[in-house]
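Residue-level listing of the chains:
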Amino acid sequence: MLGELNNSTLLDTSRFTSKSARHCVRCGAKFTAIGLVAYCEACEVGGIHPAKDTEYTVRFDESWPKRALAALDNAHGPAIDKARSLLPHIVHGTLVLTGDRGRGKTVMAAWLESCRQKSGNQAGIYTRAMDLFESIQGTWRTNATENEDAVKRRYRTAPFLVIDEAQERGEGDWELRTLVNIIDHRYGSMLPTIIIGNLSDIQLDKYIGPSIIRRAREDGGLVECNWKSYV
């Protein structure tokens with residue numbers, strides 16, 4: 001009964017002034033906050049979080065590689081742990097994933113895409129860098145069925161865009177300028193993007209460019225995938 005509570009209980013305000021660890025009631029992520037806060041920062045601002053499988057059906061766009069999607073069922077370990085920590089950054093940020101082959105970078109991107117859709121977001125698209133450039137150049141042919149503006153618009157406005165194999169592009173200036181233009185449009189529209197490359201730190205400027213690196217550092221992140229395996 002209320003009358004049985006002592007004054008120290010009634011006047012205890014420490015829970016409103018001191019930090020404490022708790023788990024988000026929406027996504028389960030552990031976070032630290034002051035006061036009666038139930039949601040982590042990502043969920044509080046409408047971020048991406050793992051949701052129950054029954055809430056939304058995940059339908060990957062046909063552009064995604066079947067091998068990466070097949071690997072999702074058994075994917076675990078450091079790659080998925082890292083992907084989970086990156087969830088807040090795919091609300092509208094630019095992520096750059098680097099490292100040797102076999103680290104699960106594409107599987108990480110697919111896992112993040114599944115989380116986006118389970119949270120009610122529209123499906124994104126996947127492309128390899130060389131395919132992106134060739135799809136634009138293909139519009140220059142006289143028998144092309146699409147024009148250049150339409151193809152660029154598809155990449156600029158996709159709800160989520162993954163550009164893989166960034167190291168497998170030509171070294172021409174046109175390709176880098178095109179890549180920067182697409183990322184700048186997406187950055188301005190606050191659309192999430194992941195760029196993946198089997199690159200070392202010293203290769204980033206050459207294949208991705210300082211402009212995109214600045215975007216990633218400002219609103220996303222540069223992630224070196226240096227673990228042994230993604231499973």
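Residues numbered from 1 in each chain as written. Predicted model: local features only at pLDDT ≥ 70, side-chain atom pairs only at ≥ 80, totals over all residues. Heavy atoms only, no water.

J.: Got a minute to help me understand the overall build of the chain in this structure?
T.: Regarding its fold elements, the chain presents eleven helices and seven strands. Going through the 231 residues of the chain one by one, you find that 43% of them count as buried. Carbon together with sulfur atoms contributes 48% to the accessible area of the chain, which is approximately 13100 Å² in total. (Helix = DSSP H or I, 4+ residues; strand = E, 2+ residues; numbered from the N terminus. Buried < 20%, exposed > 50% of the residue type's maximum accessible area, 1.4 Å probe, protein only. Areas by Shrake-Rupley, 256 points an atom, 1.4 Å probe, with all protein chains shown as cover.)

J.: Would you explain unusual backbone geometry in this entry?
T.: One can expect most non-glycine residues to show negative phi and most peptide bonds to be in trans. In the Ramachandran plot, glutamate 165 falls in the positive-phi region, its phi being about 55 degrees despite a non-glycine side chain. The residue glutamate 165 is located in the loop between β5 (161-164) and α9 (173-188) in this model.

J.: Looking at this structure, I do not really get helix α8 (residues 148-157). What am I missing?
T.: Think of an α-helix as turning once every 3.6 residues; residues three or four places apart then point the same way. Of all the positions in α8, only Val151, Lys152, Tyr155 and Arg156 are classed as buried. End-on view of α8: buried residues confined to an arc of 135 degrees, all on one side of the axis. Sitting at the amino-terminal end of α8 is asparagine 147, which places a side-chain oxygen 3.2 Å from the backbone nitrogen of aspartate 149. (Arc of directions from axis to C-beta. Polar contact = N/O pair within 3.5 Å; in protein donor to acceptor, adjacent residues only side chain to side chain.)

J.: What is the right way to look at the nonpolar core in this model?
T.: The nonpolar side chains of a soluble globular protein tend to be buried, and buried together. Leu97, Met108, Trp111, Val162 and Ile194 are the most contacted members of the largest nonpolar core, which totals 28 residues. Counting residues per element, the ones that place at least two in this core are α4 (66-71), α5 (78-85), β3 (94-98), α6 (105-118) and β6 (193-197). Sorting elements by how many residues they give to this core places α6 first, with seven residues. Of all hydrophobic cores here, the second largest spans 25 residues; its members include Leu161, Val180, Ile183 and Ile213. (Core = buried A, V, L, I, M, F, W, Y, C linked by side-chain atoms within 4.5 Å.)

J.: Before we go on, may I ask you to explain α6 in this structure?
T.: Helix length check: α6, at 14 residues, gives a terminal C-alpha distance of 20 Å against a target of 20 Å (1.5 Å per residue), a fit within 8%. When you tally the buried positions in α6, you get 14 out of 14 residues, the bulk of the element. (Expected span 1.5 Å × (residues − 1).)

J.: Sorry if this is basic, but what is going on with the sheet that holds β5 here?
T.: Whether parallel or antiparallel, the strands of a sheet pair through hydrogen bonds between backbone atoms. Spatially, β4-β5-β6-β3-β7 is the arrangement adopted by the five strands of the open sheet, whose pairing is parallel. Each edge of the sheet is formed by a strand with only one pairing partner; in this case those strands are β4 (125-128) and β7 (220-224). Direction aside, the axes of adjacent strands within the sheet are offset by 15 degrees on average. As defined by bridge partners, β4 adjoins β5 across four bridges and the pair is classed as parallel. For arginine 128, the partnering residue across the bridge sits in β5 and is aspartate 164. Set on the sheet, α6 makes contact with β3, β4, β5 and β6; between it and β6 the angle comes to about 165 degrees. (Pairing = 2+ DSSP bridges. Axes fitted to C-alpha atoms, helices over the stretch in contact; angles between N-to-C directions. Contact = heavy atoms within 4.5 Å.)

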